[in-house]
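Structural overview for review
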Amino acid sequence: MLSILITHYNRSDALKQCIQAVRSIEWSMLFEIVVSDDGSEEEHLNSIKKIHGIRIIFAEENEGLAANINKGIKACKGDYLLYCQEDFLIKPDLENILKECYGLLNKDRLDMIRFRANYHFPKLNPLSLHVGGIPKFSWKNFHYNAFQYSDNIFLTTPAFFEQNKFYLEDTNGDYGETEYAIRVFKSSLRIGITYKYYSNDAVGSVSTMRGNGREKSLFFGKKQKRFLRAIRLHLEWIMYNPQKRKLLTYKNKY
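Quick caveat: nothing in here was measured; it's all calculated off a predicted structure.

Rules of the game
- Residues numbered from 1 in each chain as written.
- Predicted model: local features only at pLDDT ≥ 70, side-chain atom pairs only at ≥ 80, totals over all residues.
- Heavy atoms only, no water.
- Pairing = 2+ DSSP bridges.
- Helix = DSSP H or I, 4+ residues; strand = E, 2+ residues; numbered from the N terminus.
- Contact = heavy atoms within 4.5 Å.
- Axes fitted to C-alpha atoms, helices over the stretch in contact; angles between N-to-C directions.
- Disulfide = S-S within 2.5 Å.
- Buried < 20%, exposed > 50% of the residue type's maximum accessible area, 1.4 Å probe, protein only.
- Phe/Tyr/Trp six-rings, centres within 6.5 Å; stacked < 30°, edge-to-face > 60°.

Overview of the sheet that holds strand S1 (residues 2–8)
The sheet built from nine strands is open, its strands ordered S3-S2-S1-S4-S9-S6-S10-S8-S7 with mixed pairing. Two strands lie at the open edges of the sheet, namely strand S3 (55–57) and strand S7 (125–126), each paired on one side alone. One ladder, built from two bridges, connects S7 with strand S8 (residues 131–133); its direction is antiparallel. Counterpart to Asn-125 in the pairing with S8 is Gly-133. Strand contacts of helix H4 (residues 98–106): S1, strand S4 (80–85), strand S6 (112–114), S8 and strand S9 (154–156), with the helix running at about 45 degrees to S9, the strand carrying the most contacts.

A word on the state of the cysteines
Under the defined criterion, the tally for this structure stands at zero disulfides. A disulfide-free cysteine, Cys-84 has its sulfur positioned 3.9 Å from the sulfur of Cys-18, the nearest such atom. Cysteine Cys-101 is unpaired, with the sulfur of Cys-84 as its nearest cysteine sulfur at 15 Å. A relative accessible area of 0% places Cys-101 in the buried class.

Some words on the packing of aromatic side chains
Overall, the coordinates contain 21 aromatic pairs when judged by the stated rule. Taking the centre distance of 5.3 Å and the plane angle of 40 degrees together, the rings of Tyr-83 and Phe-154 count as tilted. Of the two residues, Tyr-83 sits in strand S4 while Phe-154 sits in strand S9, which places them 71 residues apart along the sequence. Classification of Tyr-83 by relative accessible area gives buried; the value is 1%. For Phe-154, a relative accessible area of 0% corresponds to the buried category. For the ring pair Tyr-149 and Phe-154, a centre distance of 5.9 Å and an interplane angle of 55 degrees mean the geometry is tilted. Judged by its relative accessible area of 1%, Tyr-149 is buried. Through successive ring pairs, a cluster of aromatic residues spans Tyr-83, Tyr-149, Phe-154, Phe-160, Phe-161, Phe-166, Tyr-167 and Tyr-180.

Dropping the structure here:
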């Protein structure tokens, strides 16, 4: 059975759109919709408490995205876990490929399947009609090798986190996501992504992550910044210690 986990913080209007999109899909094996709230303000809590047919996991205070995802994952009871942030609207045709995705996970060909990215990998290894495997390292993917994992929509099993550790807490969103991405890059985990992307942005929602730390530079253009970022992340990959779980060139401003 499938658990859909949606993380939420102070964006109840976007959350309602997200849940509406989920409910517009005729899921073949949907077990539950779990909303993990990260200590939202009272007006947003009052709004989401009125939504019926979901299970809400509350936090006493805001602890950051990593802690919120961890809390939600541990609360999910399904055999499969589909994760989505509240500002994404899942497209209805995602259901059409889930059986194919379950098969890739069950046959131990992939550990996680992504349904969205803010870029396209130039190199993917064909695995099925709709899903390609992201190479562990590829020169063609040089700018994106470190982005095999992302907080964008993905499908996996609860065992993924039990076996490979949960997210590093007490971090800001950028640090936490990057640390886990480097952790996945350093590991032997197999990540796949669909050739077509299966979500839209919620109307009127401004992401707290996309664009974070991407201020304009007077010295470097877009291509130069992308190349320098890739160098930086490959350095993190080389120096990363899975036991210490620290990044060298990032500061945790949590």
